[in-house]
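The lines below spell out each chain.
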Amino acid sequence: MTTPGVDDAVQDKPEKEPVTERRLHPITPLRRAWAPVAVVIGWAVHDPDQTQRQLTRLTTTTLLIALAVIVPTAALYGFLTWWFTHFAVTDTELRIRTGLLFRRTAHIRLERIQAIDVTQPLLARVAGVAKLRLDVVGTDKKDELAFLGEREARALRAELLARAAGFAPETAHEVGEAPARELLHTPPRDLALSLVLTGATWGSLVAALVVPPLLWMATHSVWTVLATALPLLGAAGASSVGRFVTEYDWTVGESPDGLRIDHGLLDRTHETVPPGRVQTVRIVEPLLWRRRGWVRVELDVAGSSNSVLVPVAPREVAEAVVARVLPGVTVPPLSALSRPPRRAGRCVPVWWRGYGLAVTDSVFAARQGLLRRSLALVPHAKVQSVRLAQGPWKRLWRVADVHVDTGANKTVTARLRDAQEAAELLKSQAERSRTGRKGARPDRWMV
């Protein structure tokens, strides 16, 4: 016996389309084949003396046999890990299934995706492939798809963002990548000059040139000098040449899915600053940059590793970009920042003059630093908690610190404020935060 209308309803219900799993680019096994080789190299580095003794015992025949075993094993491992790696996009999630012996399936909810970056290391650019990296709320590491064809990576990124924004699955792949309007481009000359005028560059370089000779005079040990000189030279290179290579051709563009950042001389990176997820913006002004009116803009983004918005730019240009990432926020001028009371100098001599505070209708702004000024802007809606700290010495001089905690697990501090002002600020900031969250924009893509 059948119930009238039930069979018709079952027949009219559309069947769910089967999930189609896809594999990564065929070049991926070459990347993963290095794992067994890396194990051998790691063992050799861990015990170099034993490695040297073993190498002296090897004959040519033994070495050829070892290579004949290691190379096919590495190739087979790379092929099998690629063969057993699949990914699929469903109506609600991205699934990544990996594992040769131990299976692992990652279910990434589309609404929890905060940023999707497309990166291309140098060799990947030559091969025409790219890596898709995903920032997801609640995870400490990034899931990634490496490697995909360059066009496929960009198309998949656009599809995932469209689905996360609420587009229907059958139309999400047709939306395509949203157009972008360029807001800023950093000339290579300005970037190079800014690195020359940065104190950290010269500090690390001087340390690399001065410390090793002093150690040699004191110890006459080559190993001690090398163990100290190499890290110092690496730090000097990272703060100068490394930053130039990473931040080369820095471009910021505005699109419906957030601010897009493209940069890199050797490895190209295509990042996105997610809308509504920026917790703090810092405007940094090193001493030697002030004559040219340059600043650097850094970010704290919840669920994302993006930390730089503008490597170097004139202040008015940088503030215009900040206005795009924090709509409705105006950067307080230096004249609007109030200093701590003069008695704060008893707690922190000289450097107390570098502290400042301004609270507007939209942001909590705190400044610190004399030589390297840093102005931190926290929208009231992003404040998670407010704390007042006052040690015995500060109680004696009637000053206190007010700490503002954000959703990116970072803290911005207004230091050495008058104790009564700090108590009033504690109460008023809590109220501003509640009011700000009610009127905050939704953290959604393409809205």
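Thresholds applied
Residues numbered from 1 in each chain as written. Predicted model: local features only at pLDDT ≥ 70, side-chain atom pairs only at ≥ 80, totals over all residues. Heavy atoms only, no water. Helix = DSSP H or I, 4+ residues; strand = E, 2+ residues; numbered from the N terminus. Expected span 1.5 Å × (residues − 1). Buried < 20%, exposed > 50% of the residue type's maximum accessible area, 1.4 Å probe, protein only. Contact = heavy atoms within 4.5 Å. Polar contact = N/O pair within 3.5 Å; in protein donor to acceptor, adjacent residues only side chain to side chain. Axes fitted to C-alpha atoms, helices over the stretch in contact; angles between N-to-C directions. Parallel < 35°, antiparallel > 145°, perpendicular 65-115°, else oblique. Left-handed = near helix turned anticlockwise from the far one by under 90°. Nonpolar A, V, L, I, M, F, W, Y, C, P; charged D, E, K, R; others polar. pLDDT = per-residue confidence, 0-100. 1 Å grid on protein atoms, 1.4 Å probe; cavity = no way out; pocket = protein on both sides within 12 Å on 5 of 7 lines; lining within 4 Å. Points joined across faces, edges and corners; volume = space filled by probe spheres on them. Salt bridge = Lys/Arg side-chain N within 4 Å of Asp/Glu carboxyl O. Phe/Tyr/Trp six-rings, centres within 6.5 Å; stacked < 30°, edge-to-face > 60°. Lys NZ or Arg CZ within 6 Å of the ring centre and 35° of its normal. Pairing = 2+ DSSP bridges.

A short note on helix α14 (residues 419–438)
Thought 1: Compared with an ideal rise of 1.5 Å per residue, which puts 20 residues at 28 Å, α14 spans 30 Å between its outermost C-alpha atoms and is within 8% of the ideal.
Thought 2: All of the buried residues in α14 are A422, L425, Q429 and S433.
Thought 3: In this fold, the buried residues of α14 make contact with β14 (356–359), β15 (363–368), β17 (383–389), β18 (399–406) and β19 (411–418).
Thought 4: With a side-chain oxygen positioned 3.1 Å from the backbone nitrogen of Q420, the residue opening α14 is D418.

Here's the deal with the packing of helix α9 (residues 188–196) against helix α11 (residues 222–247)
Thought 1: Contact pair α9 / α11: the axes reach a minimum separation of 10 Å and the direction vectors enclose 155 degrees. Between α9 and α11, the angle falls in the class roughly antiparallel. Read as a crossing pair, α9 and α11 show a hand that is right-handed. Contacts between α9 and α11 involve P188, L191, A192 and L195 from the first element and S239, S240, R243, F244 and E247 from the second.
Thought 2: Tallied by class, the residues present in the contact of α9 with α11 amount to 5 nonpolar, 2 polar and 2 charged.

Examining the confidence of the model for the protein
Thought 1: When pLDDT is averaged along the protein, the result is 84, and 84% of the positions lie at 70 or above.
Thought 2: Long-range and interchain partners of residues 5–14, a stretch whose pLDDT sits below 50, account for 1 contact in this model, where long-range means more than four residues apart.

Let's talk about empty space enclosed by the protein
Thought 1: What the rule picks out here adds up to 2 cavities of 30 Å³ or more.
Thought 2: When its volume is computed, the second largest cavity comes out at roughly 50 Å³.
Thought 3: Considering the residues around the second largest cavity, the lining is formed by I283, E285, R315, L334, R367, R373, S374 and L375.
Thought 4: Secondary-structure elements contributing two or more residues to the lining of the second largest cavity are β11 (278–285) and β16 (373–379).
Thought 5: Among the elements that take part in the lining of the second largest cavity, β16 stands out by supplying 3 residues, more than any other.
Thought 6: Of the residues assigned to the lining of the second largest cavity, the class counts are 3 nonpolar, 1 polar and 4 charged.

Notes on the pattern of salt bridges
Thought 1: What the rule picks out here adds up to 22 salt bridges.
Thought 2: Among the charged side chains, a salt-bridge network with shared partners connects R243, E247, R282, R296, E298, D300 and R372.

Some details on the side chain of E298
Thought 1: Looking at where E298 falls in the secondary structure, it is placed in strand β12 (residues 294–301).
Thought 2: Side-chain polar atoms of E298 contact the side chain of R296, separated by 3.2 Å.
Thought 3: Apart from residues lying up to four places away in sequence, E298 is in contact with T280, V281, R282, V284, S307, V308, L309 and R372.

With respect to the side chain of H263
Thought 1: Mapped onto the fold, H263 is located in strand β9 (residues 258–263).
Thought 2: Reaching out from H263, the side chain makes a polar contact with the backbone oxygen of T246 at a distance of 2.7 Å.
Thought 3: Ignoring any residue separated from it by four or fewer positions in sequence, one finds H263 in contact with T246, Y248, D249, W250, R268, T269 and E271.

Observations regarding helix α5 (residues 60–83)
Thought 1: Along its 24 residues, α5 runs 35 Å from first to last C-alpha, staying within 8% of the 34 Å computed at 1.5 Å per residue.
Thought 2: Burial in α5 covers these residues: A74, G78, T81 and W82.

What to know about the packing of aromatic side chains
Thought 1: Using the criterion set out here, one finds 6 aromatic pairs in the structure.
Thought 2: One aromatic cluster is present, built from ring pairs that chain together F79, W82 and W83.
Thought 3: Positioned above the aromatic ring of W83, the side-chain terminus of R23 is 3.7 Å from the ring centre.

Here we look at the pairing of β12
Thought 1: Across the 8 residues of β12, 8 count as buried, placing the element largely inside the fold.
Thought 2: Here β12 shows two buried faces, one formed by W294, R296, E298 and D300 and the other by V295, V297, L299 and V301.
Thought 3: Sheet topology places β11 next to β12; 6 bridges connect them, and they run antiparallel. Following the sheet pairing, V278 is matched in β12 by V301.

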